Amino acid sequence: MDARKIIIAVDGYSSTGKSTFARTAAAKLGYLHLDSGALYRSVTLKGMESGAVSKECIDAGKLSELLGSLDITFGKTADGEFHTFINGADSESMIRSLKVSSCVSQVAELPFVRGFVDRILQGYGAGKGIVMDGRDIGTTVFPNAELKIFMTADKRTRALRRMKEMETSGGKIPFEEILANIEQRDYIDAHRKTSPLSKAPDAIVLDNSDMTLEQEIEWLGNILKDRFGICI
Ligand code: DC
């Protein structure tokens, strides 16, 4: 491992395995990993619980007020996993539910929500040595990140991965429903006005449709070594 600390921005479509890739890379490098989607999911969950957010509409005034009372942190659980805590409560499984997934893109479109999340993310990046994944990390949150990766994969492959992931945590949702949710989120993420999902001109594309995680990490290792002299 190398002492040099850089910022690695990992952006891309839903369910391309960004978080798993980013988490594994961060562990190998001794860096901090931050899943920015977890923050949008946390805002959405609390918005739904308070009645400010529903599938039909969003009460922007009520949601904006709610943000002031939200303290979102990341911490290790007793079994060593990193979870999202909202006002001290472990909310990891709730923020990953399909219910939250079906409203999160609409919440993430709101400029005041993006401002709230960006401030938290930029605070974490101050010390470098971070792998952050999301949709606009290389374009908006850290436009000067030393390494930008844009992840993509075939839609059906992504839906299948998501279905397996949900089954592992006890949820059983039909494949077509998951696929429809992924297609809808891709569309909203790429077409919203504020910070839409797009590849930064200097990002490197990683299409992992036919790749294992080990192959992805090997791919990253080669780039880090060639460009930065960093070994993992
Ligand atoms: O990565 P994810 O599926 O957990 O992200 C949840 C939603 O949050 C996704 O639909 C888009 C949004 N998001 C975003 O707009 N910008 C980010 N940097 C990260 C996520």
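Residues numbered from 1 in each chain as written. Predicted model: local features only at pLDDT ≥ 70, side-chain atom pairs only at ≥ 80, totals over all residues. Heavy atoms only, no water.

In space, the 3 strands of this open sheet follow the order 3-4-5, with antiparallel pairing throughout. This sheet does not close on itself; its edge strands, each paired only once, are strand 3 (72-76) and strand 5 (89-90). (Pairing = 2+ DSSP bridges. Helix = DSSP H or I, 4+ residues; strand = E, 2+ residues; numbered from the N terminus.)

On to the UniProt feature "binding site: ATP" (unreviewed entry) in the protein chain. Residues annotated by UniProt as "binding site: ATP" (unreviewed entry) correspond here to Gly12, Tyr13, Ser14, Ser15, Thr16, Gly17, Lys18, Ser19 and Thr20. Tracing the sequence through the fold places glycine 12 in strand 1 (residues 7-12). Of the residues examined, glycine 12 reaches a relative accessible area of 0% and is grouped as buried. Those residues in contact with glycine 12 that lie beyond four places of it in its chain are Lys18, Gly134, Arg135, Phe150, Met151 and Leu197. Here threonine 20 is to be found in helix 1 (residues 18-29). (UniProt positions renumbered as here; feature names shortened; annotations may be inferred. Buried < 20%, exposed > 50% of the residue type's maximum accessible area, 1.4 Å probe, protein only. Contact = heavy atoms within 4.5 Å.)

Another point: the site of the ligand. Taken together, the neighbourhood of the ligand is formed by 16 residues, with Arg41, Ser105, Asp136, Arg185 and Arg192 sitting nearest. Here serine 105 contributes a side-chain N or O atom positioned 2.8 Å from an oxygen atom of the ligand. Protein burial of the ligand: of its 440 Å² of free accessible surface, 95% is covered by the chains. Of all the elements in the fold, those that place two or more residues in the shell around the ligand are helix 2 (36-50), helix 5 (98-108) and helix 9 (175-191). (Near = heavy atom within 4 Å. Polar contact = N/O pair within 3.5 Å; in protein donor to acceptor, adjacent residues only side chain to side chain. Areas by Shrake-Rupley, 256 points an atom, 1.4 Å probe, with all protein chains shown as cover.)

So, on to the side chain of serine 19. In this structure, serine 19 sits in helix 1. A residue is classified by how much of its surface remains accessible, and serine 19, at 19% relative accessible area, is buried. A polar contact of 2.9 Å, which involves the side chain of serine 19, links it to the side chain of aspartate 133.

As for its position among the elements, proline 201 is in the loop between helix 9 and strand 8 (204-207). The spatial distance from the C-alpha of proline 201 to the C-alpha of leucine 147 is 12 Å, given a sequence separation of 54 residues.

Glancing now at the pattern of salt bridges. In total, this model carries 13 salt bridges according to the counting rule given. With a shortest N-O distance of 3.0 Å, aspartate 136 and arginine 114 are connected by a salt bridge. One end of the pair, aspartate 136, is in the loop between strand 6 (130-134) and helix 7 (137-141); the other, arginine 114, is in helix 6 (residues 111-125), and 22 residues separate them in sequence. The exposure class of aspartate 136 is buried, given its relative accessible area of 1%. (Salt bridge = Lys/Arg side-chain N within 4 Å of Asp/Glu carboxyl O.)

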